[in-house]
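One letter stands for each residue in the lines below.
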Amino acid sequence: MEQWAPHTVTTRELVDPVPVAALAALFDDGLPAPLPGDDLPPLWHWVALPRWPVSSELGTDGHPVRGTFLPPVDLPRRMFAGGEVTFHAPLKIGATVLRESTVDSLTEKSGRSGRLVIVVVRTRLSTADGLLCLEERQDLIYRDRGTPAEPKPADFDPVGAPFRRAEAGSWDFATDPTLLMRFSAATANAHRIHYDWPYATRTEGYPGLVVHGPLMSLALAETLRLDRPAVRVRRLRHRNQAPLFCGEPAQLKVTGSVLELIGPGGTPRTSLEVESHEEGTPHA
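Parameters at a glance
- Residues numbered from 1 in each chain as written.
- Predicted model: local features only at pLDDT ≥ 70, side-chain atom pairs only at ≥ 80, totals over all residues.
- Heavy atoms only, no water.
- Pairing = 2+ DSSP bridges.
- Helix = DSSP H or I, 4+ residues; strand = E, 2+ residues; numbered from the N terminus.
- Salt bridge = Lys/Arg side-chain N within 4 Å of Asp/Glu carboxyl O.
- Buried < 20%, exposed > 50% of the residue type's maximum accessible area, 1.4 Å probe, protein only.
- Phe/Tyr/Trp six-rings, centres within 6.5 Å; stacked < 30°, edge-to-face > 60°.

Student: So what's going on with the pairing of strand β3 (residues 96–111)? Residues and values would help.
Tutor: By the bridge criterion, six bridges tie strand β1 (residues 9–14) to β3 in an arrangement that is antiparallel. By the bridge assignment, T11 is partnered in β3 with R99. Here β3 pairs with strand β4 (residues 114–127) via 14 bridges, running antiparallel. In the sheet register, S101 faces β4, and the bridge partner there is T123.

Now the structure itself:
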């Protein structure tokens, strides 16, 4: 990595209403689809500002080849581990924004599963006239491929709408390959672990298709719009603790300011911590 150096990439981009409508259709949760001119819901900038690299820039795993913006890490598995988003002002759907992104740090460690590299990316989104709207930190983890697990059956029946209210503050969250494919398309995410079952199981050693980390976090954020529409989010901290595999039963739980996606066996897979103003009153 001696020839690579972190640098800032600055672009002007449209808060695109097309993938916003696609995510609303994917969630199919009864809420009105956000329209041009509306405030973008929390975390929906992951969908509204997709980046489509040209085909010749894609690596074997479907991600852009490393060594340009991201460092040339030589470990095969890439995971979206978490981060933090601070909201300063609303992003308007259909507006043009200035995006500034840079690699903030790169840390090599040795864990129980072997060598890993943590890459921290920081992003600022501002309006065309310079008003800061959003600051974000994303934590990416690169690690060695895992020991191949026993693959799970690859046949799925369509699950329909992914959200089903179970009780107050709790929803069942269902996934199938069509949901993962549609989310990959909406977010310009070509990572093969989300749609290529032979690659996910034989090459990267997963037992099945992997549910996107951003999809899990967005699903948790959507429960705020479903359960607490008066909440105005100030900051979200999200952490992906373990993968969720396509078709596994999962629940979205809201307890105070902590939201969790619980997978099979009651194990937390991802969590979201909310700092917000509700009806003008700060709370965490």
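Student: Lay out the pattern of salt bridges with the relevant residues and their values.
Tutor: For the structure on display, the rule yields 21 salt bridges. R124 is paired through a salt bridge with E100; the nearest N and O atoms lie 3.9 Å apart. Of this pair, R124 sits in strand β4 while E100 is found in strand β3, placing the two residues 24 residues apart along the sequence. Notably, a salt bridge pairs R237 with E275, separated by 2.8 Å at the nearest N-O pair. With R237 in strand β8 (residues 231–240) and E275 in strand β11 (residues 268–278), this pair connects stretches of sequence that are 38 residues apart. Looking at E275, the relative accessible area reads 12%, which means it is buried. Where salt bridges share partners, they join E84, R234, R235, R237, E273 and E275 into one cluster.

Student: Hey, could you go over the packing of aromatic side chains for me, with residue numbers and the actual values?
Tutor: Inspection of every chain in the model, using the stated rule, returns five aromatic pairs. Ring centres 6.2 Å apart and planes at 65° place the aromatic pair F27 and W44 in the edge-to-face group. Of this pair, F27 sits in helix α1 (residues 17–27) while W44 sits in the loop between α1 and α2 (45–48), placing them 17 residues apart in sequence. On the basis of relative accessible area, F27 is assigned to the buried category, the value being 1%. For W44, a relative accessible area of 1% puts it in the buried group.

Student: Could you give me a rundown of the pairing of strand β10 (residues 258–262), with the residues and numbers involved?
Tutor: Where a strand is regular, its side chains alternate between the two sheet faces. Looking at chain direction, strand β9 (residues 250–255) and β10 are connected through five bridges and run antiparallel. Bridging from a neighbouring strand, T255 pairs with V258 of β10. Between β9 and β10, which follow one another and run antiparallel, lie two residues, and G256 among them has a positive phi close to 60°.

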